[in-house]
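# Working through the structure, step by step
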Amino acid sequence: MHFEYSAEHRDLQSAIRTFLDRAAPLATIPLIVQSDPGEDASVWAAAVQQLGLPGLEVPEELGGSGADAASVAIAMIELGAAMIPGPLAPCIGLAVPLLNALPEGETRATLLAGIAEGTVVPAVDLALFTAPLLAPAHQVAGGSSGAGLTGAVARVIGGASATDLIVLTRIGNEPAVVHVRRDYATTTALNTLDPARREFSLNCTDTPVSVLARGNAALDSLEVAHRRALLFAACEAVGGAERSLEIAVQYAKDRRAFGKVIGSFQALKHRMAAQYVENELARTMLMYASWSTTVPAGESDPTALEQAKVAACEAYLEAARVSIGILGGIGHTWEHPLHLYLKRATVVREQFARPAELRAVIAAAEITSHSAATGLALATSAATTGGHA
Amino acid sequence: MDTKFSPEAEKYRLKVRDFVRSSLPADWKGVGALRGEELAEFMVEWRKLLFENGLLAPSWPKEYGGGGLTAEERVVLTEEFAYAGVPTGTPNDEMSIDQIGNTIVEHGTEEQKQTFLPGILSGEYVFCQGYSEPDAGSDLANIRTRAVQAGDRWIINGQKIWTSEGMHANWIFALVRTEEASTRHRGLTMILLPLDQPGVEVRPITMITGASEFCEIFFDNAVAERKHIVGEVGDGWSIAMNLLGYERGETSVTLPLRFGAELVRIVELARMQGVLDSLAIRQRIADLRIRVNAMRWLGWRRVTDWVAGGTPGYESSIDKLVWSEYHVESSRLAMDILGTNGQILTGALGPSSYCDDIGTDSSWVASWTTSYLAALGSVTWGGTSDIQRNVIAERILGLPRE
């Protein structure tokens, strides 16, 4: 039994954390967020050069490191904790997993290789990762070569640096995943609740696209993409929950009021202790969910990702609230980065699937798994027993 | 990451399964299905079986009649017993075998080991814990029960309270104040004494559930032998705290299994009550499942630590806080599902102090109401939730004391 991070994972975590502390320390984040581009392009460049971070999960034959989802999870947690604005997190958390899941082809290979090189900065349509999958109003017409996309794409995660967009659209009645070059499209920056994750809308009139997948092939890829998005959200949430609480605990050790260090007051102490526990449980759920991506289907709890996303996002929102409360007035200002964690927590909780929907899926799976109809159903469930027969 | 146990431990698991299978009737549902006389008889027979097969004291060294099992094997043993719905001993065995037994193994004199260890296993000595007093619960250091030396004996006066299963015990390990003017943690001693003597009165307390699993114990010139002091005179506090670290059956690993089984029964209850289609109920079921899994997988992290040679530390405060608060939530859901049907107590009370066992009939209302009332108690005994949060805040987060 070794249900803990491996030495390799801990080394990866350490390398990324050290890099981020140097390349984008927390104190600089509010300035970056408020700047015109809303990101620091040198962080992307350094991440490419020093860690090969964007290409972490890109296959080796395309110039990446060929890492697995569990390793990417480590990186996503650290990026979430550090609140790094810009394309890094959505690249490794959303774009690359989606591209990896798409059918092989020239465009896909070019994009993945470009990401590993750092020359392609992807921006992804939020609709690609969201359940339930909804048929968009916009569509591609004119056949699959020289095809043109017409219509408005509501939300694409990306900012000034994005070079290549991946969009969910229709070809007739079939879903399709297409690539659009940024310089072919008219983008309009959106005013987002989460200032550290920029989005834009896309307005297309017969805009040239490359079709990456359509029909059932598209649906299969999107199923994988959605599940990876759940993992992405859970990772950001665990990282953000732990970091925001850490900020509050440190503050509570330094700040004095009524002649005492405020961390000695039981009310505050208990709030932080309770949150620490929630964070630990969320981290544990994520460890399992992450591990579950490395074993064949059927050898782990089938709703592990849903459970981790729910637990982690609840913990994140509460952690951000608690932490702002501990910091008092200053926590509610742009003088301190904590508000970014609250906004991210608010946003990520709803993204990719509504929490109520995820709970409904979890409950349905729970109820179905009881078909053995006795308490001893436990002994037959490999899911909660770590694979014992 | 590896979620499986070692090949040796898995081999041992198969041995345990064979033992369980061959020892139980073919239609065995779990100890939760037994009540009253049937349950009492089963407990006597089962304990004898465990004794005969060297399975009563898995953590004791073999030389004292223990199983001499590795950390992994001990977890495997308690897991298999949890799956099968059989206990690892009687309620008193938690005190006799795990608490004072392990303490004697580690700190006892040779004579104490020879006197008590075989007798604990055979059932000749049945212990209960004498810690809390009316003025010393959360603030245990405030204890006042006095022991005064008289030659080879110590004369004890005072009172203990919240003594689990005191009425089923014949001996007690008591934390007493041996140094006259001492206060707080200083001047305390751990001493063993028989309950069956003129100076000791055991009075069961009727609890909110209607059961009387806790007792008051009055010492009126009760007599203890000097040779039955565990550790040194004045060492009592550290012995007492150390003792609390000897956990029963790796509960953080196996308790989630029992709660998982309880969740299966809650779903069954919802089905019987015709509310399983309720979206609100399903949302709560999902949250409970998440919590059970979180406890289970957190337990795996604990096992990982033990297997690597770590010893339980302050993280046990997290585990206790989580499972006790969990049970308040899960038992509350059961009551919500029952509605007014939860007001007429049909079926039988649960015997267990954690939650009712595998095999309990989901339709036994009294079992659900007992769990609901007992769960509130579990948030208080074993260190209140507020105390646990203090420990987490101060010892883990490093926040300053008040």
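The structure this text deals with has already been given above.
Residues numbered from 1 in each chain as written. Chains lettered and ligands numbered in written order. Predicted model: local features only at pLDDT ≥ 70, side-chain atom pairs only at ≥ 80, totals over all residues. Heavy atoms only, no water.

Residues and elements named next belong to chain B. Within the secondary structure layout, Arg177 lies in strand β4 (residues 171-177). Lacking a salt bridge, the buried Arg177 has Glu133 as its closest oppositely charged neighbour, with an N-O distance of 7.6 Å. One polar contact links the side chain of Arg177 to the main-chain carbonyl oxygen of Ala141, over a distance of 3.0 Å. Engagement of the side chain of Arg177 in a polar contact is seen with the backbone oxygen of Ile143, the distance being 3.0 Å. The residues contacting Arg177, other than those within four sequence positions of it, are Ala141, Asn142, Ile143, Thr145, Arg146, Ala147, Ser182, Thr183, Arg184, Arg186, Gly187 and Leu188. (Helix = DSSP H or I, 4+ residues; strand = E, 2+ residues; numbered from the N terminus. Buried < 20%, exposed > 50% of the residue type's maximum accessible area, 1.4 Å probe, protein only. Lys, Arg positive; Asp, Glu negative; His and termini not counted. Salt bridge = Lys/Arg side-chain N within 4 Å of Asp/Glu carboxyl O. Polar contact = N/O pair within 3.5 Å; in protein donor to acceptor, adjacent residues only side chain to side chain. Contact = heavy atoms within 4.5 Å.)

Contact residues are listed per partner, giving 53 residues for chain A and 56 residues for chain B. For the pairing of chain A and chain B, the buried interface totals around 5300 Å² over both sides, and the portion due to carbon and sulfur atoms is 66%. Applying the counting rule to chain A against chain B returns six salt bridges. The residue A:Glu278 makes a salt bridge to B:Arg291 at a minimum N-O spacing of 2.8 Å. Looking at the side of chain A that touches chain B, the elements with two or more residues in it are α7 (215-254), α8 (266-292), α9 (304-327), α11 (355-368) and α12 (377-380) of chain A. With 17 residues, α8(A) is the largest single contributor of residues to the side of chain A that touches chain B. Residue composition of the side of chain A that touches chain B, grouped by class: 29 nonpolar, 15 polar and nine charged. (Buried area = accessible area lost by both parts, 1.4 Å probe. Nonpolar A, V, L, I, M, F, W, Y, C, P; charged D, E, K, R; others polar.)

As a further point, take the pairing of strand β1 (residues 122-125) of chain A. Residue and element names in this part refer to chain A. The two faces of β1 match: Pro122 and Val124 on one face and Ala123 and Asp125 on the other face are all buried. Two elements, β1 and strand β4 (residues 164-171), share three bridges in a ladder whose sense is parallel. Bridged to Pro122 within β4 is Asp164. Two elements, β1 and strand β3 (residues 148-157), share two bridges in a ladder whose sense is antiparallel. Bridging from a neighbouring strand, Asp125 pairs with Val156 of β3. (Pairing = 2+ DSSP bridges.)

What follows concerns the pattern of salt bridges. Scanning the model with the defined rule gives 44 salt bridges over all chains in all. For B:Glu394, the salt bridge goes to A:Lys269, with nearest N and O atoms at 2.7 Å. Taken together, the residues B:Glu394 in helix α11 (residues 385-396) and A:Lys269 in helix α8 connect one chain to another. Judged by its relative accessible area of 17%, B:Glu394 is buried. With a closest N to O distance of 2.8 Å, B:Asp139 and B:Arg184 form a salt bridge. Taken together, the residues span a long stretch of sequence, with B:Asp139 in the loop between β1 (127-130) and β2 (146-150) and B:Arg184 in the loop between β4 and β5 (188-194) at a distance of 45 residues. In this structure B:Asp139 comes out as partly exposed when scored by relative accessible area, which is 33%. Sharing partners across several salt bridges, the network here consists of B:Glu10, B:Arg13, B:Arg17, B:Glu79, B:Glu80 and B:Arg296.

Counting along an α-helix, one turn takes 3.6 residues, and residues three or four places apart therefore face a common direction. Residues and elements named next belong to chain B. Under the 1.5 Å per step criterion, the end-to-end length of helix α5 (residues 110-122) is 19 Å for 13 residues, consistent within 8% with the ideal 18 Å. Among all positions in α5, only Gln112, Lys113, Phe116, Leu117, Gly119, Ile120 and Leu121 are buried. Where α5 is buried, its residues meet α2 (36-52), α4 (93-107), β1, β4, β5 and β8 (229-230). Note on α5: the residue one or two positions beyond its end, Gly123, has a positive phi of about 95 degrees. (Expected span 1.5 Å × (residues − 1).)

Tallying each qualifying case throughout the model produces 22 aromatic pairs over all chains. Consider the rings of A:Phe258 and A:Phe265, whose centres lie 6.3 Å apart with planes at 80 degrees: the pair is edge-to-face. Using a relative accessible area of 79% as the deciding quantity, one classes A:Phe258 as exposed. For A:Phe265, a relative accessible area of 25% puts it in the partly exposed group. Here the aromatic residues B:Phe116, B:Tyr125, B:Phe127, B:Tyr131, B:Trp171 and B:Phe173 are joined through ring pairs into a cluster of three or more. For the cation-ring pair, A:Arg182 lies above A:Phe200, with the distance from its terminal atom to the ring centre recorded as 4.8 Å. (Phe/Tyr/Trp six-rings, centres within 6.5 Å; stacked < 30°, edge-to-face > 60°. Lys NZ or Arg CZ within 6 Å of the ring centre and 35° of its normal.)

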